[in-house]
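Listed below are the residues making up each chain.
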Amino acid sequence: AVVSTQSTGNKVLFKHGLCIVLHDILHIGDSFSFPGDAGTYTSVLFRYVVFKPFEDEVLIGRVRRSSSEGVWVTLGFFEDVFLPQEYLQSPCRFDKEDNCWVWEYRDGLETHNLYMDEKEEIRFRVVKVEYNDVAKTNRSTATEKGGPMPAGGVEGEPLPMKIIGTISEPGLGLLSWWREDNVE
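Residues numbered from 1 in each chain as written. Predicted model: local features only at pLDDT ≥ 70, side-chain atom pairs only at ≥ 80, totals over all residues. Heavy atoms only, no water.

J.: Just checking my understanding: could you explain the side chain of E57 for this structure?
T.: Within the secondary structure layout, E57 lies in the loop between strand 3 (40-51) and strand 4 (58-67). Buried and without a salt bridge, E57 has K52 as its closest oppositely charged side chain, separated by 11 Å. At a separation of 3.1 Å, a polar atom in the side chain of E57 contacts the main-chain amide nitrogen of F54. Residues contacting E57, with those up to four places away along its chain left out, are F124, R125 and V126. (Helix = DSSP H or I, 4+ residues; strand = E, 2+ residues; numbered from the N terminus. Buried < 20%, exposed > 50% of the residue type's maximum accessible area, 1.4 Å probe, protein only. Lys, Arg positive; Asp, Glu negative; His and termini not counted. Salt bridge = Lys/Arg side-chain N within 4 Å of Asp/Glu carboxyl O. Polar contact = N/O pair within 3.5 Å; in protein donor to acceptor, adjacent residues only side chain to side chain. Contact = heavy atoms within 4.5 Å.)

J.: Whenever I open this one, a nonpolar patch on the surface confuses me. Can you help?
T.: A surface patch of nonpolar side chains, about 320 Å² in accessible area, is lined by I20, V21, V49 and F77. Note that V21 resides in strand 2 (residues 17-33). Its relative accessible area of 43% is what places V21 among the partly exposed residues. (Patch = residues over 30% accessible without salt bridge, like charges linked within 9 Å, V, L, I, M, F, W, Y side chains within 5 Å. Areas by Shrake-Rupley, 256 points an atom, 1.4 Å probe, with all protein chains shown as cover.)

J.: Quick question: what am I supposed to make of the pattern of salt bridges here?
T.: As a working rule, side chains carrying opposite charge can pair if their charged atoms are close by. Going through the model one piece at a time under the given rule, you end up with seven salt bridges. Note that R93 and E104 form a salt bridge whose closest N and O atoms lie 2.7 Å from each other. A residue pair is termed long-range when its members are at least 10 positions apart, and R93 in strand 7 (residues 92-95) and E104 in strand 8 (residues 100-106) qualify at eleven residues. Ionic pairing is found between E130 and K128, a salt bridge with its closest N-O pair at 3.3 Å. Residue classification places E130 among the partly exposed residues on the basis of a relative accessible area of 28%.

J.: Help me understand the environment of L88 in this model?
T.: By secondary structure assignment, the location of L88 is in the loop between strand 6 (81-84) and strand 7. Separated by 80 residues in sequence, L88 and S168 place their C-alpha atoms 5.0 Å apart.

J.: Please clarify how a negative patch on the surface should be interpreted in this entry.
T.: Residues E97, D98, D117, E118 and E120 make up a contiguous surface patch of negative charge. Following the sequence through the fold, D98 ends up in the loop between strand 7 and strand 8. On the basis of relative accessibility, which here comes to 46%, the residue D98 falls in the partly exposed class. (Charge placed at Lys NZ, Arg CZ, Asp CG, Glu CD.)

J.: How should the sheet that holds strand 1 (residues 12-13) be read in this particular structure?
T.: Pairing between the strands of a sheet is mediated by backbone hydrogen bonds and can be parallel or antiparallel. Across the sheet, three strands lie side by side as 1-2-3; this open sheet has antiparallel pairing. The open sheet terminates on both sides in strands that have one partner only, identified here as strand 1 and strand 3. The pairing of strand 2 with strand 3 spans eleven bridges and is classified as antiparallel. Bridged to F32 within strand 3 is Y41. (Pairing = 2+ DSSP bridges.)

Next up, the structure:
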């Protein structure tokens with residue numbers, strides 16, 4: 001039997017997570033065909049590797065982009081990680097000229113501006129995972145407009161899965177902030 005992962009690979013299942021890859025097939029049942037239908041239907045029991053981070057899990061990604069609302073992070077295989085302004089290290093400010101956030105770290109004697117540049121590695125803690133039933137949203141939008149369902153990935157459309165994270169705790173933030181220089 002040939003099994004295709006095209007229908008679920010790299011897709012978000014509502015409230016389950018991002019499907020990564022088919023792990024194995026445990027059982028393939030009997031196939032059925034119905035009168036007037038050229039297809040066959042087979043019951044298959046399988047296991048799938050799914051990315052579903054849990055609350056308080058600590059992950060490492062890279063800064064993808066920044067805006068005045070917060071920082072977007074990529075995990076390499078998943079792009080929709082958002083660190084809102086209120087979950088960044090404090091005090092911080094958005095530098096419009098460099099288009100990045102700056103943590104104004106005070107060590108007691110002086111203030112150090114620590115920039116959150118794009119492509120820098122960043123450690124964050126998951127606050128929550130938000131799911132949107134985009135299939136339901138697309139169906140209702142199409143019905144309201146009287147046209148076909150819109151394609152995914154369009155600016156302004158809800159994301160099927162979004163991770164909200166924080167770096168407002170010791171040890172979180174850019175990895176370069178927490179490295180000890182072993183220069184003698």
